Amino acid sequence: MNTEILGIIAMFGITFLLAIPLGKYIAKVYGGEKTFLDPIFIPLEKLFYKISGINPSKEMTWKQHLVALLSINLLWFLMSMAILMNMSWLPLNPDGNPSQSADLAFNTTISFLVNCNLQHYSGETGISYLGQMWLMFLQFVTAGIGMAAAAVVFKAFREKTTTQLGNFYNYFVKSCTRILLPISLIVAAVLVFEGTPMTFNGKDTITNLQGDTVQVSTGPVAAFVPIKHVGTNGGGFFGANGAHPLENPTYLTNMVEMIAQFIIPMAMVFAFGFFIRKRKFGWMIFGVMTIGFWLLAAPNIVMEMNGNPAIANMGIDISQGATEGKEVRIGAAASGFWSIVTTVISTGSINSMHDSSMPLSGMNELIAMMVNAFYGGVGAGILNIFIFIILAVFISGLMVGRTPEFMGKKIEAREMKIAMIIALAHPFLILGGTAIAAAFPSVGSVAISNPGHHGFSQMLYEYTSSAANNGSGFEGLGDNTLFWNISTGIVLLLGRFLPIIGPVAIAGLLAEKKFIPESAGTLKTDTSTFGIMIFAVIAIIAALSFFPALALGPIAEYFSLK
Amino acid sequence: MSNNKNTSLFQPELLNEAFKQSFVKLNPKIMFRNPVMFTVWIGTLVMLFVSLWTLFGATGQGSFAYNFIVFVILFLTLLFANFAEAIAEARGKAQADSLRKTREETPAKLENGKTISSAQLKKGDVFICVAGDVIPTDGEIIEGLATIDESAITGESAPVIREAGGDKSSVTGGTKVLSDKIKVVVTTQPGESFLDKMIALVEGASRQKTPNEIALTILLAGFTLVFIIVTVTLKPFADYANTPITIAAFISLFVCLIPTTIGGLLSAIGIAGMDRALRANVITKSGKAVETAGDIDVLLLDKTGTITIGNRKATNFYAANGVDQEQLVKAAVLSSLADETPEGKSIIELAGINPSTIKIENPRYIKFTAETRSSGIEYGSTRIRKGASDAIKNLVEKADNIFPSEIAERVKTISSNGGTPLVVSENEKVLGVVELQDIIKPGIQERFERLRKMGIKTVMVTGDNPLTAKFIAEKAGVDDFIAEAKPEDKMNYIRKEQSEGRLVAMMGDGTNDAPALAQADVGVAMNSGTQAAKEAGNMVDLDNDPTKLIEVVEIGKQLLMTRGTLTTFSIANDVAKYFAIIPALFIASIPALKGLNIMNLHSPESAILSAVIFNAIIIPLLIPLALKGVAYKPIGASALLRRNLFIYGLGGVIVPFVGIKLIDMAVSLFM
């Protein structure tokens, strides 16, 4: 057992241990109970609510929630376009970076608005500090949006029968101020101590060992990086993202950033259990997610540590593992681990180049995003697995001889329709996008850098990452073209809002239904048997939808490697 | 078919009809009702054109023979699916017809003396039946009383009594009057009896999809759409990889992946549920009722006839101190002479005295009333009373006589043992007690235990006092009871359970049961019951068997389980089909993918053919299961899920690997 593996176990173990109390805390926050931060934020919130004329205690139906959610997103979209296109003359631009063109601003706005952070600019040259701070704001609020939507689903299963699902603004603001902000502050403190810059000054000048002077970009990095992880956003301050030494200086920051992105998605699962007073149910979902996660992560760690046999055949030492595209200070094992953490969770920040992963590691990264529910993004993860749970409940409910019910609510045609549309949307966006790119080589597959199976994987990865709102890339793809910007942009939007609308609608519809008490004939949804059923549904849907595509990409590449 | 069970599933005359229907159902308008099979229908049509195209010299699509074989297999897949539905319909119709046949073309004697055919009877007509007549159609007795042989419908040979007024006033067409004369009013329009409605339900014309069937169809349509996406996008993927894929391969892949197994069997499963109900002699008014039966949480059962055998019987005479046993018995018999209740008759029976041998002058019979709660006889200066202990006690104490303590003691003992004590007095002096006992049906405890394991709460409804009710409830093993029940108590109980979200089933026959039958989620009316009761319920039990509810619940559960397990099986099958077809598609241009050919199939063509052949023949192989239903075992929901997941989920993954490999070995002999 080497230290690399120990480091991974420590990262997972610490996250897990912290996630349980955090889950309890999150449940308290959404339950409207007192928290230790109330004295600081309540007066502030009152002021803002007064100015904006919002009554945070007004209960909303699921439709009102969705209207509030979508309209606030539209507002941010307009504000974002205005700021990004006028950065050059606005304040906080010490490096004199230019404004973004309309199409670039559009792309940047959408990708940050959907909590994905696909970046087609480089942070050092393409954006001012004001722009960075605006993006940082979006990283906070979009994470808050996802969590608020999850809170609506939580609420729908807490009461027996209700149309009153809490207040959207209340959930949203509390997600930001009570959960995201304090955790980000802790992470930021660690980063500052480890050397991450926090300044509004322009480029710094250093003299390197050769005696040359070098211009080094700095900025409010320590403020930006924490929420990029805590909110599972993934967009870097600098172009090189988590591989950049000022964003991720040491093994310690690597661990802290890893835990930061992992912790809320995990804690949300426990929070669900605590909130609806069915802890065992939370543990069951956690079990399903954890097994799924390790089934993907463990092989990746092993494959990356074993390295590439084709390179070994050339007589090159591969004892350090598959080192192409990896940072030496982080190592093969931690890179392999991160590659799955960042893809199962919708962060998409990277600390190694996924394009250089071993073929089946690349496949696992793809599967992680195709499933998108093994932990998943803050809020969005719970919403995604909710759809799988509904499908699993439907089939297994029938198998025990009752019309299917979940948490005492009957699942009928309307809920099935929505669940199927959402379940369909993901393969549709991924396969449809990739098919169009493959069908029109002049605009689509022209962007790939490796022809053959790997090139196919590059295209597949780009759309998978977009549909899953992940934001990572097989960076060999030259994707900064009109075709790729527009097609991925559409996929991004649909991939974000459909999986929010669907689960909230289903939860809202179920909440209105009559509550049926449990009997001995009722299928218990907090058992390991039902966990297996969920897992089977996820595996079957992902495997059946994507198997042909994976066979042509990473699997074919894997078999040709030998 | 070697064994008897299968022979009964596929009777030759039914097969002929089903074969014919399999082709009739190829009509696209009918196919369209089933989205999964409709896509197969389109695929088959495309393959027909492709076969013709290759025949006239198209290249790159494989040989004509290969394409034609694919077309034939797909065509068979359609026929198999249609056949499944047709055979289920044919069985239901045959069963219903055999019930209906008994009442066709029976002469009906009208009030005015004219005789017409039963087919001409309209609602409201009144006909007359005397001993020996077959009752021409369903109706309600408005005058008279008759013993009737209902064996044609129920199979039960013991004759039953039906009389005007009260809850046993309905007669069924096809049954035979054995004695006396009755006047009957026709209650349904020709062609609108429950049986006619049921036949229409089975025949498909008026068959509505049940809510659960609709939801499942959405799920299956969703899966079909996923595979449309998968198959369509595969075309540009394959082009990118420079791998030409034939149309036959595309269509085969698609048809294999979509859930054709459950898609083909879905409507057969639903019809078979109604069939099974009919086989249990229960006419269902909708498919939904059967489905709901599977969800029932609470079962309301009448004590009499369901939990206990018929009525209470006298089991013992206990004389008071200083009273001769014979004196008590004689008094009890005398007081029961005019008592037409089964209890009264059972006293005479127990005493072993023939009532006709008793000669008394000018007897005056005292009828039972709710106020006196006693009945009796008076002759000369003798006043004999028989009744509830407190009623007699009142009577005795009013005359300044003492109610003996040993009798009070005995009354208590009898009550707490679930019996009913009847105290007998002569001239306001207590003679003794008659003990009436309920006899609990043998085997009923096991049935309740089974229901409890299903998660169903049983509630006994009885007119008995709470003490007696409690004793019987405990002895029979029911979970709850309603004692001293009035009709509105049933209704209130149902409402209360429903307000807490539970689904309630009950059985009833009387007009005063009708509101409760309508309120219950599943209301089973006895065929002997009043028309109002039959209209109110959503099922009619031809056997008038109160334990039938238990069977109905199991039929409902079987129906849902069969859908669930076959869906799981169908989808799990896809894993093996992928491993057969995907390597076959790409192996020519990407030899590396031969690593996926884990079944080591002979050639790409044989692999594809084996997969579609397996996909086709699995449908007829599963028809018996679809018709009989998956066996329900009350072992708790989680255990049941584990069991079915293991058999149909894991089995669904493994079976096709074996099946496709075997078919491939057979197919490769010809290639």
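Quick caveat, the model's predicted, so the values are computed rather than measured.

J.: For this particular structure, what's the right way to read the interface of chain B and chain A?
T.: Interface size is often expressed as the accessible area that is lost when the parts come together. Contacts between chain B and chain A engage 62 residues on the former and 64 residues on the latter. Around 4,900 Å² of area is buried between chain B and chain A when both sides are counted, 78% of it from carbon and sulfur atoms. Of all residues in chain B, F237, Y240 and L641 of chain B bury the most surface against chain A, accounting for 16% of the area lost on that side. Linking chain B with chain A are two salt bridges, by the criterion used here. In this structure, R402 of chain A and D297 of chain B form a salt bridge, with 3.2 Å as the shortest nitrogen-oxygen distance. Inspection of the region where chain B meets chain A yields ten residue pairs in polar contact (both at pLDDT 80 or more). Of all the elements in the fold, those that place two or more residues in the side of chain B that touches chain A are helix 8 (211-240), helix 17 (444-454), helix 22 (548-586) and helix 24 (637-668) of chain B. The biggest single contributor to the side of chain B that touches chain A is helix 8 of chain B, with 19 residues.

J.: Hey, could you run me through the sheet that holds strand 18 (residues 504-508) of chain B in this one?
T.: Across a sheet, strands are paired by hydrogen bonds formed along the backbone, either parallel or antiparallel in direction. Residues and elements named next belong to chain B. Spatially, seven strands are ordered 8-20-19-18-9-16-17 in an open sheet, and the strand pairing comes out mixed. In the strand order of this sheet, the two ends are held by strand 8 (282-284) and strand 17 (480-482), each with one partner. Within the sheet, the average angular offset between the axes of one strand and its neighbour, ignoring direction, is 20 degrees. Against the sheet, helix 22 contacts strand 8, strand 9 (298-302), strand 18, strand 19 (522-526) and strand 20 (539-541), and its axis sits at roughly 160 degrees relative to strand 9.

J.: What's the story with the pattern of salt bridges in this structure? I'm lost.
T.: A side chain with one charge can pair with a side chain of the opposite charge if their charged atoms come near. A complete count under the given rule lists 34 salt bridges over all chains for this structure. Among the salt bridges present, the one from D239 of chain B reaches K235 of chain B, with a minimum N-O distance of 3.4 Å. You can see D239 of chain B and its partner K235 of chain B sitting in helix 8, four residues apart, about one turn around the helix. Here D239 of chain B falls in the partly exposed class, since its relative accessible area comes to 41%. Residues R385 of chain B and E378 of chain B are paired through a salt bridge, measuring 2.6 Å at the closest nitrogen-oxygen approach. Here R385 of chain B falls in the buried class, since its relative accessible area comes to 15%. Via salt bridges that share partners, R402, E405 and K410 of chain A together with D295 and D297 of chain B belong to a single interconnected network.

J.: I tried to follow the packing of helix 15 (residues 413-439) of chain A against helix 17 (residues 482-512) of chain A on my own but got confused; where do I start?
T.: Each pair of packed helices can be described by the angle between their axes along with the distance between the axes. Residue and element names in this part refer to chain A. Where helix 15 meets helix 17, the axes come as close as 9 Å, and the angle between the chain directions of the two elements is 170 degrees. In terms of axis orientation, helix 15 runs roughly antiparallel to helix 17. Where helix 15 abuts helix 17, its residues R414, E415, I418, A419, I422, A425, L429, I436 and A437 lie against F483, W484, V491, L494, G495, L498, P499, G502, A505, I506, L509 and L510. A per-class count over the contact of helix 15 with helix 17 returns 17 nonpolar, two polar and two charged.

J.: Is there a simple way to explain the confidence of the model for chain B in this structure?
T.: It should be kept in mind that the predicted coordinates are not to be read in detail where pLDDT is low. Residue and element names in this part refer to chain B. Looking at chain B, pLDDT values average 84 and 94% of them are 70 or higher. Counting interchain partners and residues more than four positions distant, the pLDDT-below-50 stretch residues 1-7 has five contacts. Under the prediction, the complex receives an ipTM of 0.89, its pTM being 0.85.

J.: It is not clear to me how the state of the cysteines should be interpreted in this structure. Could you clarify?
T.: Defined simply, a disulfide is a covalent bond joining two cysteines at their sulfur atoms. Residue and element names in this part refer to chain A. Overall, the coordinates contain zero disulfides over all chains when judged by the stated rule. Here C176 is not cross-linked by a disulfide; its sulfur's nearest cysteine counterpart is in C116, at 19 Å. A residue is classified by how much of its surface remains accessible, and C176, at 12% relative accessible area, is buried.

J.: Is there a simple way to explain helix 7 (residues 168-193) of chain A in this structure?
T.: The periodicity of an α-helix, 3.6 residues per turn, causes residues three or four places apart in sequence to face the same way. All names here are of chain A. Here helix 7 is 26 residues long and its end C-alpha atoms lie 37 Å apart, about the 38 Å a rise of 1.5 Å per residue gives. In the structure, helix 7 departs most strongly from a straight axis at L180, where the bend amounts to approximately 35 degrees and where the proline P182 lies between one and four residues downstream. With a side-chain oxygen positioned 2.9 Å from the backbone nitrogen of Y169, the residue opening helix 7 is N167. Of the residues one or two after helix 7, G195 is the one with positive phi, at around 110 degrees.

J.: Explain the nonpolar core here, please?
T.: Core analysis: the biggest nonpolar cluster contains 330 residues, and Y30, F157 and I264 of chain A have the highest contact counts within it. Sort the elements by how many residues they give to this core and helix 22 of chain B lands first, with 20 residues. When near neighbours in sequence (up to four residues on either side) are disregarded, F157 of chain A contacts F272, I276, F386, F406, M407, A507 and L510 of chain A. In this structure, L328, I347, V423 and L436 of chain B belong to the second largest nonpolar core, which totals 31 residues.

J.: Would you mind showing me how to read the side chain of T458 of chain B here?
T.: Looking at the element boundaries, T458 of chain B is found in strand 16 (residues 457-461). Looking at T458 of chain B, the relative accessible area reads 0%, which means it is buried.

J.: Help me understand the pairing of strand 19 of chain B in this model?
T.: The two faces of a sheet get side chains in turn, since along a regular strand they alternate between them. Residue and element names in this part refer to chain B. By the criterion of burial, strand 19 is predominantly enclosed, with five of the five residues buried. Summarising the sheet, strand 18 and strand 19 pair through four bridges and their orientation is parallel. The residue of strand 19 that forms the bridge with A505 is V522. Once the chain exits strand 18 it traverses helix 20 (residues 514-519) before rejoining the sheet at strand 19, and the crossover so formed is right-handed. The pairing of strand 19 with strand 20 spans three bridges and is classified as parallel.

J.: How should I be thinking about the side chain of E85 of chain B in this particular structure?
T.: Residues and elements named next belong to chain B. Within the secondary structure layout, E85 lies in helix 5 (residues 64-101). According to the relative accessible area criterion, E85 is buried, its value standing at 14%. Engagement of the side chain of E85 in a polar contact is seen with the side chain of S267, the distance being 2.4 Å.

J.: Hey, could you run me through the pairing of strand 15 (residues 429-437) of chain B in this one?
T.: Residues and elements named next belong to chain B. In terms of burial, strand 15 is a largely internal element, eight of the nine residues being buried. Pairing between strand 14 (residues 420-426) and strand 15: seven bridges, direction antiparallel. Opposite S425, over in strand 15, you have V430 as the bridge partner. Linking strand 14 back to strand 15 in an antiparallel pair, the connection comprises two residues, with N427 at a positive phi of about 45 degrees.

J.: Can you walk me through the sheet that holds strand 10 (residues 313-319) of chain B in this structure?
T.: Residues and elements named next belong to chain B. Taken in spatial order, the six strands make up an open sheet running 10-15-14-13-12-11, and their pairing is antiparallel. If you trace the sheet from one side to the other, it starts and ends with strand 10 and strand 11 (364-366), each paired once. Averaged over all pairs of adjacent strands, the angle between strand axes in this sheet comes to 20 degrees, irrespective of strand direction. Here helix 15 (residues 389-398) sits on the sheet and contacts strand 12 (374-379), strand 13 (382-387), strand 14 and strand 15; the angle it forms with strand 13, its principal contact strand, is near 150 degrees.

What counts as what
- Residues numbered from 1 in each chain as written.
- Chains lettered and ligands numbered in written order.
- Predicted model: local features only at pLDDT ≥ 70, side-chain atom pairs only at ≥ 80, totals over all residues.
- Heavy atoms only, no water.
- Contact = heavy atoms within 4.5 Å.
- Buried area = accessible area lost by both parts, 1.4 Å probe.
- Salt bridge = Lys/Arg side-chain N within 4 Å of Asp/Glu carboxyl O.
- Polar contact = N/O pair within 3.5 Å; in protein donor to acceptor, adjacent residues only side chain to side chain.
- Helix = DSSP H or I, 4+ residues; strand = E, 2+ residues; numbered from the N terminus.
- Pairing = 2+ DSSP bridges.
- Axes fitted to C-alpha atoms, helices over the stretch in contact; angles between N-to-C directions.
- Buried < 20%, exposed > 50% of the residue type's maximum accessible area, 1.4 Å probe, protein only.
- Parallel < 35°, antiparallel > 145°, perpendicular 65-115°, else oblique.
- Nonpolar A, V, L, I, M, F, W, Y, C, P; charged D, E, K, R; others polar.
- pLDDT = per-residue confidence, 0-100.
- Disulfide = S-S within 2.5 Å.
- Expected span 1.5 Å × (residues − 1).
- Bend = angle between axes of the 7 residues up to and from the residue.
- Core = buried A, V, L, I, M, F, W, Y, C linked by side-chain atoms within 4.5 Å.
- Right-handed = clockwise from strand over helix to strand, strands pointing away.

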